[in-house]
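One letter stands for each residue in the lines below.
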Amino acid sequence: MKVEDIRKLAVEEIRTKISDSHEELMKLRFQQVTGQLTDSSHLRTLRRDIARMETILRETERAAVEGA
């Protein structure tokens, strides 16, 4: 996902996407261990997307606290 797309989402939507991405990452790791994963670069992309979403979520939460 792109940063602009993530910033447009509500906080709850970001949390939902993070949760879904963690589940997908777990499934991909199982596929990698069993030898069924063909595109291992997807793991790296997914991990970075999760980190990006968590960073933006943290930024919005800090901005809300500081603004209050």
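Scroll up to find the structure.
The sections below set out a description of the structure shown in this document. (Residues numbered from 1 in each chain as written. Predicted model: local features only at pLDDT ≥ 70, side-chain atom pairs only at ≥ 80, totals over all residues. Heavy atoms only, no water.)

Let's shift gears to the overall build of the protein. Looking only at helices and strands, one finds three helices and zero strands in the protein. Put simply, the protein runs from its N terminus to its C terminus through helices and strands in the order α-α-α. Here the C-alpha atoms of the protein give a radius of gyration of 14 Å, more than 25% beyond the 11 Å that 2.2 N^0.38 yields for 68 residues. Structurally, the protein occupies a C-alpha span of about 50 × 15 × 15 Å along its principal axes. Looking at the protein residue by residue over its 68 residues, the buried ones come to 19%. (Helix = DSSP H or I, 4+ residues; strand = E, 2+ residues; numbered from the N terminus. Rg over C-alpha atoms; globule rule 2.2 N^0.38 Å. Buried < 20%, exposed > 50% of the residue type's maximum accessible area, 1.4 Å probe, protein only.)

A separate point is helix 3 (residues 41-67). Along its 27 residues, helix 3 runs 39 Å from first to last C-alpha, staying within 8% of the 39 Å computed at 1.5 Å per residue. What helix 3 keeps buried is the set L43, L46, D49, I50, M53, I56 and L57. In the core, the buried residues of helix 3 are packed alongside helix 1 (3-8) and helix 2 (11-34). (Expected span 1.5 Å × (residues − 1). Contact = heavy atoms within 4.5 Å.)

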